[in-house]
Amino acid sequence: MSSSALPLCIFLVLFSTASPAFGGKESQSPSVYEILQEYDFPVGLLPKGVTRYEFNKTTRNFAVYLHKTCTFSIDGYTLKYMSKVTGKISKDRVANLKGVQVKLLLFWINIVEVTRDGDQLDFSVGIASADFHIDNFYESPQCGCGFDCVNSEEKGSGEFNLKQLISSS
């Protein structure tokens with residue numbers, strides 16, 4: 001083999017193992033939203049903007065990372081996702097949840113479990129829970145404005161957009 005053909009052969013071998021279109025193995029992991037769906041949950045349980053996640057298929061423990069704390073309102077409730085959310089997922093159940101809170105009156109209360117029963121999602125804070133129809137969670141909310149970003153005075157970052165607020169006055 002000529003010395004000029006060797007680099008081309010190395011490139012083709014590397015490219016064929018990295019690209020599924022050329023017979024290589026699919027090495028890309030599923031997204032965290034796809035994992036939610038594998039366990040019968042809608043993608044809207046997590047807001048948009050997950051930067052990375054860790055998932056152990058054996059223990060089903062997970063950690064989800066957001067760029068920063070994320071707050072938004074849905075159906076009269078204000079939710080807060082910390083920059084790290086952890087828990088354990090199984091079919092129709094997320095247990096040991098840490099890093100998600102709901103504001104009740106003046107207090108932030110931890111949501112500790114989410115279960116699915118048919119078309120209902122039950123969010124538990126330990127001593128109490130609230131049910132929501134699954135239709136509310138088919139899309140992921142956006143930090144700052146939830147599902148109403150088009151009509152909101154807020155940016156998706158969770159901070160008010162001062163220019164929009166002044167110009168709309």
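You'll find the structure just up there.
It should be emphasised that the depicted structure is a prediction, and the values quoted were computed from it without experimental measurement.

**With respect to the pattern of salt bridges**
Per the counting criterion, the structure on display carries four salt bridges. In this structure, E54 and R52 form a salt bridge, with 3.1 Å as the shortest nitrogen-oxygen distance. When its relative accessible area of 44% is taken as the criterion, R52 is described as partly exposed. The partner of E113 in a salt bridge is R93, with the nearest N and O atoms 2.7 Å apart. Here E113, found in strand β7 (residues 113-117), pairs with R93, found in strand β5 (residues 93-104); they are 20 residues apart in sequence, far enough to count as distant. Connected via shared salt-bridge partners are D40, K91 and R116.

**What to know about the environment of V64**
By secondary structure assignment, the location of V64 is in strand β2 (residues 61-66). Judged by its relative accessible area of 2%, V64 is buried. Between the C-alpha atoms of V64 and Y53, which are 11 residues apart in sequence, the distance is 4.4 Å. Look past the residues within four positions of V64 in its chain and what remains in contact with it is V32, L46, V50, R52, Y53, S83, K84 and V85.

**Focus: the state of the cysteines**
Summed over all chains, the structure comprises one disulfide. Shown here is the disulfide that connects C70 with C143, its sulfur atoms set 1.9 Å apart. One disulfide, between C70 and C143, carries an S-S torsion of -115 degrees and so falls in the left-handed class. Note that C70 is positioned in strand β3 (residues 70-74) and C143 in the loop between β9 (129-133) and α3 (162-167), a separation of 73 residues in sequence. For the pair formed by C70 and C143, the shared burial category is buried.

**What about the packing of aromatic side chains?**
With the rule as written, the count across this model stands at six aromatic pairs. Between the aromatic rings of F123 and F132, the centroid separation amounts to 5.7 Å while the plane-to-plane angle is 75 degrees, which identifies the pairing as edge-to-face. According to the relative accessible area criterion, F123 is buried, its value standing at 14%. An aromatic cluster of three or more residues is present, and its members are Y77, F123, F132 and F137. Sitting above the plane of the Y65 ring, R52 keeps its charged end 3.9 Å from the centroid.

So, how was this worked out
Residues numbered from 1 in each chain as written. Predicted model: local features only at pLDDT ≥ 70, side-chain atom pairs only at ≥ 80, totals over all residues. Heavy atoms only, no water. Salt bridge = Lys/Arg side-chain N within 4 Å of Asp/Glu carboxyl O. Buried < 20%, exposed > 50% of the residue type's maximum accessible area, 1.4 Å probe, protein only. Helix = DSSP H or I, 4+ residues; strand = E, 2+ residues; numbered from the N terminus. Contact = heavy atoms within 4.5 Å. Disulfide = S-S within 2.5 Å. Phe/Tyr/Trp six-rings, centres within 6.5 Å; stacked < 30°, edge-to-face > 60°. Lys NZ or Arg CZ within 6 Å of the ring centre and 35° of its normal.

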